Amino acid sequence: MSVFSSNNIQLGSWSFNEIKLEDIRMYDEFIKNTAYPANLWSSNFAYLWASGQSSSKKILWKIIDGMLVTFAYSRKGTLYLMCLPFGKGKPEDVVNVLMKCLMYCYKWNNHDKSKSVVRMVNSMQLEFLKKSALYNEHFKAVPLVGLEKHFSVKKLVALEGKEFRSVRKKINRFRNLYRNITVREYRPDDFEKVIQLGEHWRNTSGKKYSRIFDKVYFREIIKHYKELNHIILLVEDGGKIIGLVSGSELPTGQSWGCLSKFMYGYDGLSEFLIVEFARKINKVNPRIEYMNTGSDLGPGGLRAFKDKFRPVLNLKRYEIQLR
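Draft legend 1. The arrangement of the pattern of salt bridges in detail. Scanning the model with the defined rule gives 16 salt bridges in all. A salt bridge links Arg 184 to Asp 190; the shortest N-O distance between them is 2.9 Å. With relative accessibility at 4%, the residue Asp 190 sits in the buried group. Arg 279 is paired through a salt bridge with Glu 276; the nearest N and O atoms lie 3.2 Å apart. Note that Arg 279 and Glu 276 are positioned in helix α10 (residues 269-284) at a spacing of three residues, about one turn of the helix. Take Arg 279: its relative accessible area is 31%, and that puts it in the partly exposed class. The class of Glu 276 is buried, set by a relative accessible area of 14%. Through salt bridges with shared partners, one network takes in Lys 149, Asp 296, Arg 303 and Asp 307.

Structure below.
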């Protein structure tokens, strides 16, 4: 039996909280205290919160044994974990909390192991879990398509050496072709024009990018960028918005790239966006080493494009299932 209220959701004997914008401070504190590398792209608060704004699922949280656990409750009634629990805890502690949570999901999901999962972890997190002898006894990791790409912020700022020759060439050509280009931060009165850019990108990008973002996700992050501590850079050509890139510094001390939208026909614009955002992040905090740009979705054009930026971490991704 499920019972929904404005903030509280009762699923069986457990009570959950629906994720709210103001929960960002709580998430930041738990993430800062996490012992494993809390560097999974899809465990960042902006992603978790925005995912819960769609009609397909609600994102819920619950404190279990002092750890913050993030659940998803789908429109079809399936309960699962979005990521590993956050907070202080050795491998044994994290595994014990996982066991309690996935067994509850298993019971709720009518004893269906295929639904009672941790949606995603990366290879660094899996290595942490495997330090507990209980992990192999109770869980298994199923590989997912795609590698999570982490760029070196300092290398993108410098763009030195042969390895970045093609990126330098693209950006220099872009600047030479489009001499009226300006870069600035987003303002709230840009909202409608930015939404139009997102529509244009979706209509012209083709099916290959259809898995990356949906309309709800994009709109909600843009609309609530201040509350999410999100940085949005716009690229304009003679006053016309032709590109957008966003992301932020993270409570882990690193950073991520979240949104990237652009007009087609501007050769080198996508490379320009990534490098400009790395420069912005470097100005915000020169100590930041990495920028996580998410999955490359497997072999193909997106992987080839991201590999141009010489990722310093290429992390495999997995779904965690009960044995």
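Once the structure has been displayed, the description carries forward.
Draft legend 2. Just α10, in detail. Over its 16 residues, α10 runs 22 Å from end to end, which matches the ideal 22 Å to within 8%, given 1.5 Å per residue. Along α10, 12 of the 16 residues are buried, which leaves the element largely enclosed by surrounding structure. Listed as buried for α10 are Leu 269, Ser 270, Glu 271, Phe 272, Leu 273, Ile 274, Val 275, Glu 276, Phe 277, Ala 278, Ile 281 and Asn 282.

Draft legend 3. Quick look at unusual backbone geometry. One non-glycine residue, Asn 110, lies in positive phi territory at about 55 degrees. Among the structural elements, Asn 110 can be located in the loop between α3 (91-108) and β7 (117-122). Phi at His 111 is positive, roughly 60 degrees, even though this residue is not glycine. Among the structural elements, His 111 can be located in the loop between α3 and β7.

Draft legend 4. How the structure looks around the pairing of strand β14 (residues 313-322). Burial analysis of β14 places eight of its 10 residues in the buried class, the great majority of the element. One ladder, built from four bridges, connects β7 with β14; its direction is antiparallel. Paired with Asn 122 across the strands is Arg 317, a residue of β14. In this sheet, β14 lies alongside strand β8 (residues 139-152) in antiparallel orientation, the contact comprising nine bridges. Across the sheet, Pro 143 pairs through a bridge with Tyr 318, a residue of β14.

What counts, and where the lines are drawn
Residues numbered from 1 in each chain as written. Predicted model: local features only at pLDDT ≥ 70, side-chain atom pairs only at ≥ 80, totals over all residues. Heavy atoms only, no water. Salt bridge = Lys/Arg side-chain N within 4 Å of Asp/Glu carboxyl O. Buried < 20%, exposed > 50% of the residue type's maximum accessible area, 1.4 Å probe, protein only. Helix = DSSP H or I, 4+ residues; strand = E, 2+ residues; numbered from the N terminus. Expected span 1.5 Å × (residues − 1). Pairing = 2+ DSSP bridges.

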